Amino acid sequence: MSWLSRIAPAAGRGAMRLMPPARRDWAEAVWADAHEVPAGWQRLAWRAGGVRLIAKEAQMLRRMGSLLLLAAAAGAAAWGAWPGSPVSHGAAAQGGIIATLLLLAGLPVLTRWFLGPPDNRAARYLRVGFYAVILVMMPVQAVIGLFVGAVPRGGHDLHTFDAFQGAAVPGSSSGGPNWGGEIGILFLTACYLAVILALTARRTPVAPATLAIGTGAGLMLGVVMYAVTPLGLNKYATNPWLHGSAIDPLLVLAWILLFGAPLAAGAVAARRCHVSGSPEQASAARAWQGVAAGVVSSGVGALFVTVFGSGTTALLVRSAWVRDLLYHAQHLTATAVYGRELYASQNVMGYGLICVVFPIIGLVLGVAGSGYANVTGPLPDGGGPPGPPGPGLEPVPDPPDGTRDVDAGADQDRLIGRYEGENDEAAPSLVGARLTALRGG
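Below or above, wherever it landed, is the structure these notes cover.

Calculation rules
Residues numbered from 1 in each chain as written. Predicted model: local features only at pLDDT ≥ 70, side-chain atom pairs only at ≥ 80, totals over all residues. Heavy atoms only, no water. Helix = DSSP H or I, 4+ residues; strand = E, 2+ residues; numbered from the N terminus. Buried < 20%, exposed > 50% of the residue type's maximum accessible area, 1.4 Å probe, protein only. Contact = heavy atoms within 4.5 Å. Phe/Tyr/Trp six-rings, centres within 6.5 Å; stacked < 30°, edge-to-face > 60°. Axes fitted to C-alpha atoms, helices over the stretch in contact; angles between N-to-C directions. Left-handed = near helix turned anticlockwise from the far one by under 90°. Nonpolar A, V, L, I, M, F, W, Y, C, P; charged D, E, K, R; others polar. Expected span 1.5 Å × (residues − 1). Polar contact = N/O pair within 3.5 Å; in protein donor to acceptor, adjacent residues only side chain to side chain.

**So, the overall build of the protein chain**
Assigned secondary structure in the protein chain consists of 14 helices and zero strands. The order of helices and strands in the protein chain, counted from the N terminus, is α-α-α-α-α-α-α-α-α-α-α-α-α-α. Split into buried and exposed, the 441 residues of the protein chain put 39% on the buried side. If you take every contact in the protein chain between residues at least 6 apart in sequence, the share linking residues at least 24 apart comes to 76%.

So, in structure tokens, the structure goes:
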């Protein structure tokens, strides 16, 4: 006990140095009140609670910094995507940018009110990744839309444009989709944002392991799909870096992962689920984990291939270095290069189809994976088939009259019924409970 009494004050003084000067007096006051608590474990519990409060203050500062960083990134993305005055569809593009920023600001607030904030690292990382995808896609869509809508003034490029897009006024510019196209993009963005926010909220029973499994499977799917479709969906699969029969193994792998990744993610996530309760409750919980993992894996894969494929196309039309890299050792005329850029920019719309179809596939195969997990049962701690129930699972006898029920988990400092590998920051601890009792007293 003596070494704990020496370590606790040192830890508290070190934590107070991390506080801003405006809040340091408050932290010192909380720490000084420990001398009014009886010595021993009660004083140690008080100081531990003080360290926890100080840590929460530091978390608040980091949260404010994260919000400022997100606001700066959103401002930079909006500035890069904002259309110029000569663009005929400029009003629709401006309305889409403003509506996207409102979605990013409003939907997380609504989710926090109804479902709570994210309470684990996997959920936070998934949200940050999705915010980054939205912000990156704003200027990327603007670059591609401006290139597709810019009509050459004459020469061979104008003939190429007319062959791809149809006759248009030379020198004019549409600059992206019209109001109908912008509304469709906003609707798809809102659906993805709502699903991601709901699956990563505290009150949604999705385990951090489920989010990690789904994200890992989705990244594998996205990498392979990007290798197959680096410049949009077209008949020249893996063009320009692979040709002929060399693409066959990669295409086969892409089809395997398209259906196998959400199926495997759903099965693994469901089998990792351990819930105390009736068999019906356990089966429903495993089914939910499998569905969530399948949807996350397909959604992450779709977003990965969309942002990297669209980004590659945007760099293609803006950077000569990227054009030389993609079409290395291919002796192409300037008109041929313009035709390929125009063709790739048109095929970017195929990524929208991917973003619609992939989650549906993930939902169906996530259900199938969870069904397989329900048949085989959850994964035991040491592998192999589950063993017989131990004495801790035997029914507790009814208490005598006038006494309380025995709480089998009273000696634990975490909630039961959670999932393996979870870092549940919201789980109540004995120290926090003791601190609350001391304050009440």
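Right, picking up where we left off after that structure.
**Some words on the packing of aromatic side chains**
According to the stated counting rule, one finds five aromatic pairs in the structure shown. Ring geometry for Trp-255 and Phe-259: centres 6.3 Å apart, planes at 10°, overall stacked. Taken together, the residues Trp-255 and Phe-259, both in helix α9 (residues 248–271) and four residues apart, mark about one turn of the helix. Exposure remark for Trp-255: the relative accessible area of 55% places this residue in the exposed category. For Phe-259, a relative accessible area of 39% puts it in the partly exposed group. Aromatic rings pair up to connect Tyr-226, Phe-304 and Phe-308 into one cluster.

**As for the packing of helix α8 (residues 208–228) against helix α10 (residues 279–318)**
With their axes 7 Å apart at the nearest point, α8 and α10 run at an angle of 35° to one another. Of the two possible hands of crossing, α8 and α10 adopt the one that is right-handed. When the residues that make up the contact of α8 with α10 are grouped by side-chain class, the tally is 14 nonpolar, eleven polar and no charged.

**Thoughts on helix α5 (residues 121–149)**
Here α5 spans 42 Å end to end across 29 residues, near enough to the 42 Å set by a 1.5 Å rise per residue. In this structure Asn-120 caps α5, since a side-chain oxygen of it lies 3.3 Å from the backbone nitrogen of Ala-122.

In short, the description is geometric, and any link to function would need to be established separately.
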